[in-house]
Amino acid sequence: MNLDIVLRNIFREVFDDDELVISDSTSKDNVMEWDSVAHVKLVLAVEDFLNIRFSLDEVTFISSVEDFKASINKYI
């Protein structure tokens, strides 16, 4: 499984943008549409796809693609 592709596809689905390009530096600070609702959608989509559950601390900590990867890597 390529985590970059998984996350790219989830981000494209959540933000409804088939051309969205993400990198580790993609964050709440540089994606205007990444608000609290989008954050919940991203977290739930990642959890559902990977069949994992983040802790509340992890959900609060995540603010970038790099953070998602770090949290995901604890489970896979």
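Provided above is the structure to which this section pertains.
Just so we're clear, the structure is a prediction, and the values are computed from it rather than from any experiment.

1. With respect to the pattern of salt bridges
In step 1: Taken as a whole and assessed by the stated rule, the structure comprises five salt bridges.
In step 2: Note that Asp-4 and Lys-69 form a salt bridge whose closest N and O atoms lie 2.3 Å from each other. One end of the pair, Asp-4, is in helix 1 (residues 3-14); the other, Lys-69, is in helix 4 (residues 65-73), with 65 residues separating them in the sequence.
In step 3: Judged by its relative accessible area of 16%, Lys-69 is buried.
In step 4: Two residues, Arg-53 and Glu-47, come together in a salt bridge whose shortest N-O distance is 3.7 Å.
In step 5: Among the charged side chains, a salt-bridge network with shared partners connects Asp-4, Asp-24 and Lys-69.

2. Focus: helix 2 (residues 36-50)
In step 1: Between its terminal C-alpha atoms helix 2 stretches 21 Å, which fits the 21 Å expected from 15 residues at 1.5 Å a residue.
In step 2: Buried within helix 2 are the following residues: Ala-38, His-39, Leu-42, Val-43, Val-46, Glu-47 and Leu-50. Viewed end-on, helix 2 has its buried residues packed into an arc of 165°, placing them on one side of the element. What points out from helix 2, more than 90 degrees from its buried face, is the exposed set Asp-48 and Phe-49.
In step 3: The elements touched by buried residues of helix 2 are helix 1, helix 3 (56-61) and helix 4.
In step 4: Where helix 2 begins, the capping side chain belongs to Asp-35, and its oxygen is found 3.2 Å from the backbone nitrogen of Val-37.
In step 5: Once helix 2 ends, the next one or two residues include Asn-51, with phi positive near 55°.

Cut-offs used in this document
- Residues numbered from 1 in each chain as written.
- Predicted model: local features only at pLDDT ≥ 70, side-chain atom pairs only at ≥ 80, totals over all residues.
- Heavy atoms only, no water.
- Salt bridge = Lys/Arg side-chain N within 4 Å of Asp/Glu carboxyl O.
- Helix = DSSP H or I, 4+ residues; strand = E, 2+ residues; numbered from the N terminus.
- Buried < 20%, exposed > 50% of the residue type's maximum accessible area, 1.4 Å probe, protein only.
- Expected span 1.5 Å × (residues − 1).
- Arc of directions from axis to C-beta.
- Contact = heavy atoms within 4.5 Å.
- Polar contact = N/O pair within 3.5 Å; in protein donor to acceptor, adjacent residues only side chain to side chain.

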